[in-house]
Amino acid sequence: MKKNRKTLLIIAFLTLLVVLGFIIITNKTNVFKGLNLLIIVIILIVGVIAFISAFKKDQEEKAGLTTEDELSNLIKYKSGYHAYLASMYMWLFIFLFKDKFPDVETMLGGGILMSSLIAYISKVIVKKRIND
Amino acid sequence: MTNRIKELRAKENLTQLDLAQLVDVRRETIVFLEKGKYNPSLKLAYDISKVFKLKIEEVFIFEQ
């Protein structure tokens, strides 16, 4: 299981690099500007966060420590609920301003990426206010 | 609710990690408990009290 997660992360990272390289080569234009740049930045942030948390979890597992307990489960459930609500509002705004996006793929891809970012932010906020 | 975990842990010469391993939770949970940021479940409160060989009310102080 541990090995599977590591392999999956490495494959996802390499796929991301290959896709990015392919886009740069085929477009022959500067993709690092405007909305593209924002999407790339979000992908990188989400990727780095996922990698760091997987690495930390792996280290804890290696040391024979508990990786999940009642507090981590509570944080997961609470942040999941808040992230779900926030994501619904985000999708509502995305559809209200759909004319601002160049195409449907960018709109949906951006929305999915923003959802993952919202999930992380929600986790951080819930952690800070766990007793409220 | 306040608690005496930090004080009792120091008395027993236990680190946060030691206590976490003894009650099968993450070290982060002990940190949150000591800071008073998290109220534990009854089971966890019982387990922690058992480590210190005390009653729950001697470790966790319920305020009205």
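Quick caveat: nothing in here was measured; it's all calculated off a predicted structure. (Residues numbered from 1 in each chain as written. Chains lettered and ligands numbered in written order. Predicted model: local features only at pLDDT ≥ 70, side-chain atom pairs only at ≥ 80, totals over all residues. Heavy atoms only, no water.)

Points about the confidence of the model for chain B
Then step 1. Here chain B shows a mean pLDDT of 92. Residues at 70 or above account for 98%.
Then step 2. Quick note on the complex model: pTM equals 0.73, ipTM equals 0.84. (pLDDT = per-residue confidence, 0-100.)

Topic: the pattern of salt bridges
Then step 1. Evaluation of the coordinates by the stated rule reveals 8 salt bridges over all chains.
Then step 2. Taking the shortest distance from any N to any O, the salt bridge between Lys62(A) and Asp58(A) comes out at 3.8 Å. Here the residue Lys62(A) and the residue Asp58(A) both occupy positions in helix H2 (residues 34-62), the gap between them amounting to 4 residues, near one helical turn.
Then step 3. Judged by relative accessible area, which is 54%, Lys62(A) ranks as exposed.
Then step 4. Classification of Asp58(A) as buried rests on a relative accessible area of 5%.
Then step 5. In this structure, Glu34(B) and Arg9(B) form a salt bridge, with 2.5 Å as the shortest nitrogen-oxygen distance. Note that Glu34(B) is positioned in helix H3 (residues 27-34) and Arg9(B) in helix H1 (residues 5-11), a separation of 25 residues in sequence.
Then step 6. With relative accessibility at 17%, the residue Glu34(B) sits in the buried group. (Salt bridge = Lys/Arg side-chain N within 4 Å of Asp/Glu carboxyl O. Helix = DSSP H or I, 4+ residues; strand = E, 2+ residues; numbered from the N terminus. Buried < 20%, exposed > 50% of the residue type's maximum accessible area, 1.4 Å probe, protein only.)

Thoughts on the environment of Leu37(A)
Then step 1. Along the polypeptide, Leu37(A) turns up in helix H2.
Then step 2. The sequence separation of Leu37(A) and Ala83(A) amounts to 46 residues, and the corresponding C-alpha distance is 24 Å.

Some details on the domain arrangement of chain A
Residues and elements named next belong to chain A.
Then step 1. As far as domains go, chain A holds domain 1 (1-66) and domain 2 (68-132).
Then step 2. Note on domain 1 versus domain 2: buried area summed over both sides is about 780 Å², and carbon and sulfur give 87% of it.
Then step 3. When the area that domain 1 buries against domain 2 is broken down by residue, the three leading residues are Leu35, Ile42 and Ile49, summing to 48%.
Then step 4. Our count for the domain 1 to domain 2 interface comes out at 0 salt bridges.
Then step 5. At the surface where domain 1 touches domain 2, the tally comes to 0 residue pairs in polar contact (both at pLDDT 80 or more).
Then step 6. Its residues assigned to classes, the side of domain 1 that touches domain 2 comprises 7 nonpolar, 1 polar and 1 charged. (Domains from an automatic or database assignment. Buried area = accessible area lost by both parts, 1.4 Å probe. Polar contact = N/O pair within 3.5 Å; in protein donor to acceptor, adjacent residues only side chain to side chain. Nonpolar A, V, L, I, M, F, W, Y, C, P; charged D, E, K, R; others polar.)

Re the packing of helix H2 (residues 16-23) of chain B against helix H4 (residues 42-51) of chain B
Residues and elements named next belong to chain B.
Then step 1. Packing of H2 against H4 leaves a shortest axis separation of 10 Å and a crossing angle of 120°. The crossing of H2 and H4 is right-handed. In contact with Leu19, Leu22 and Val23 of H2, H4 contributes Leu44, Asp47, Ile48 and Val51.
Then step 2. A class-by-class count of the residues in the contact of H2 with H4 yields 6 nonpolar, no polar and 1 charged. (Axes fitted to C-alpha atoms, helices over the stretch in contact; angles between N-to-C directions. Left-handed = near helix turned anticlockwise from the far one by under 90°. Contact = heavy atoms within 4.5 Å.)

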